[in-house]
Amino acid sequence: MAAAGAVLRQKLPGNMDICGRSGKGSPEFHVLAVDDSLVDRKVIEKLLRSLSCKVTVVESGSRALQFLGLDGEDSSVGFDALPVNLIMTDYSMPGMTGYELLKKIKGSSAFREIPVVIMSSERILARINRCLEEGAEEFLSKPVKLSDVERLTRYLLRGEADQVSEFRKRKLPKTCDLEFSFPSSPLSNDSDSSSSSRSSSPLPKRCKSV
């Protein structure tokens, strides 16, 4: 834990942070951290919070699914309550492994674009390859260090763009494409030009939702 404490005391230069935001009042990126180890949850939470990220920590894959609203229960917090920009999960957990959680997330139309990072104290090549093939962005070795978390900046930025896109899909009202028809009219003399101009104005033909 001494090493972990040393990591937590490190600072970034200036007022820059992993979230790419500076100044008070700026919105924070939101990271969902999943780990059955209380010690590891605390370390990850402190690392992310020291870099101005908002963090939600849960102790299991099933709790993560409940938070995301993927457990099928009405009591779930759900996506619209607090959008997530990045998910970090331990690999070895009782009940549901990080790999199984990854598959659930990538199998969801609402969450498949959210970046997922797997963490483990065991670097087993077959396990790493399986997670990367399933869609994980990275496989981090524990204990997670500040330099590891700093590398996640690009995933946070991408995760935010994906959530904005998903928000627009859910919240914006349907729009219409109007097709216009131009009524035909006989040629008229100059005295009828004004009325002819009005009669040749395009009229909406139909509206189709997109």
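An unreviewed UniProt entry annotates the protein as Response regulatory domain-containing protein originating from Trapa natans.

Peer 1: Can you lay out the overall build of the protein for me, pointing to particular residues and giving the numbers?
Peer 2: A count of helical and extended segments in the protein gives eight helices and seven strands. Taken across its 210 residues, the protein has 37% of its residues classed as buried. A sequence separation of at least 24 residues applies to 65% of the contacts in the protein between residues at least 6 apart. When the accessible surface of the protein is split by element, carbon and sulfur atoms take 52% of a total near 12300 Å².

Peer 1: Break down the pattern of salt bridges for me, citing the residues and quoting the values.
Peer 2: Applying the stated rule across the entire model yields nine salt bridges. Between lysine 142 and aspartate 35 there is a salt bridge, with its nearest N and O atoms 2.5 Å apart. With a gap of 107 residues between them, lysine 142 in the loop between strand E5 (138–141) and helix H6 (146–150) and aspartate 35 in the loop between strand E1 (30–34) and helix H2 (38–50) connect regions that are remote in the sequence. Taken as a pair, lysine 142 and aspartate 35 share a single burial class, namely buried. Among the charged side chains, a network of salt bridges with common partners joins Asp35, Asp40, Asp90 and Lys142.

Peer 1: How would you summarise the pairing of strand E3 (residues 86–90) if you had to cite specific residues and measurements?
Peer 2: When a strand is regular, its side chains alternate between the sheet's two faces. Of all five residues making up E3, five are buried, and the element is well covered by its neighbours. Neither face of E3 is exposed, since Leu86, Met88 and Asp90 on one face and Ile87 and Thr89 on the opposite face are all buried. Relative to E3, E1 is paired through four bridges, and the arrangement is parallel. Looking at E3, one finds that leucine 32 is bridged to isoleucine 87.

Peer 1: Would you mind going over the sheet that holds strand E4 (residues 116–120) in detail, with residue names and values included?
Peer 2: Spatial strand order, E2-E1-E3-E4-E5: five strands in an open sheet with parallel pairing. The sheet terminates laterally at strand E2 (54–58) and E5, the two strands that pair on one side only. Across the sheet, the mean angle from the axis of one strand to that of its neighbour is 20°, orientation sign disregarded. As paired elements, E3 and E4 share four bridges and run parallel to each other. Pairing of isoleucine 87 across the sheet is with valine 116, part of E4. Where helix H3 (residues 61–68) meets the sheet, it contacts E1, E2 and E3, and its direction lies at approximately 150° from that of E1.

Peer 1: Please give an account of the packing of aromatic side chains that cites residues and values.
Peer 2: Taken as a whole and assessed by the stated rule, the structure comprises one aromatic pair. For the ring pair tyrosine 91 and phenylalanine 139, a centre distance of 6.4 Å and an interplane angle of 45° mean the geometry is tilted. Within this pair, whereas tyrosine 91 is found in the loop between E3 and helix H4 (98–106), its partner phenylalanine 139 is found in strand E5, the two being separated by 48 residues in sequence. Comparing tyrosine 91 with phenylalanine 139 shows no difference in burial state: the two are buried. If you follow arginine 130 out to its NZ or CZ, it ends over the ring of tyrosine 99, 4.2 Å from the centre.

Peer 1: Lay out the UniProt feature "modified residue: 4-aspartylphosphate" (unreviewed entry) in the protein with the relevant residues and their values.
Peer 2: With numbering aligned to this structure, UniProt lists the feature "modified residue: 4-aspartylphosphate" (unreviewed entry) at Asp90. With respect to the helices and strands, aspartate 90 occurs in strand E3. On the accessibility criterion, aspartate 90 (6% relative accessible area) is buried. Residues contacting aspartate 90, with those up to four places away along its chain left out, are Val34, Asp35, Asp36, Gly98, Met119, Ser120 and Lys142.

Rules and cut-offs
Residues numbered from 1 in each chain as written. Predicted model: local features only at pLDDT ≥ 70, side-chain atom pairs only at ≥ 80, totals over all residues. Heavy atoms only, no water. Helix = DSSP H or I, 4+ residues; strand = E, 2+ residues; numbered from the N terminus. Buried < 20%, exposed > 50% of the residue type's maximum accessible area, 1.4 Å probe, protein only. Contact = heavy atoms within 4.5 Å. Areas by Shrake-Rupley, 256 points an atom, 1.4 Å probe, with all protein chains shown as cover. Salt bridge = Lys/Arg side-chain N within 4 Å of Asp/Glu carboxyl O. Pairing = 2+ DSSP bridges. Axes fitted to C-alpha atoms, helices over the stretch in contact; angles between N-to-C directions. Phe/Tyr/Trp six-rings, centres within 6.5 Å; stacked < 30°, edge-to-face > 60°. Lys NZ or Arg CZ within 6 Å of the ring centre and 35° of its normal. UniProt positions renumbered as here; feature names shortened; annotations may be inferred.

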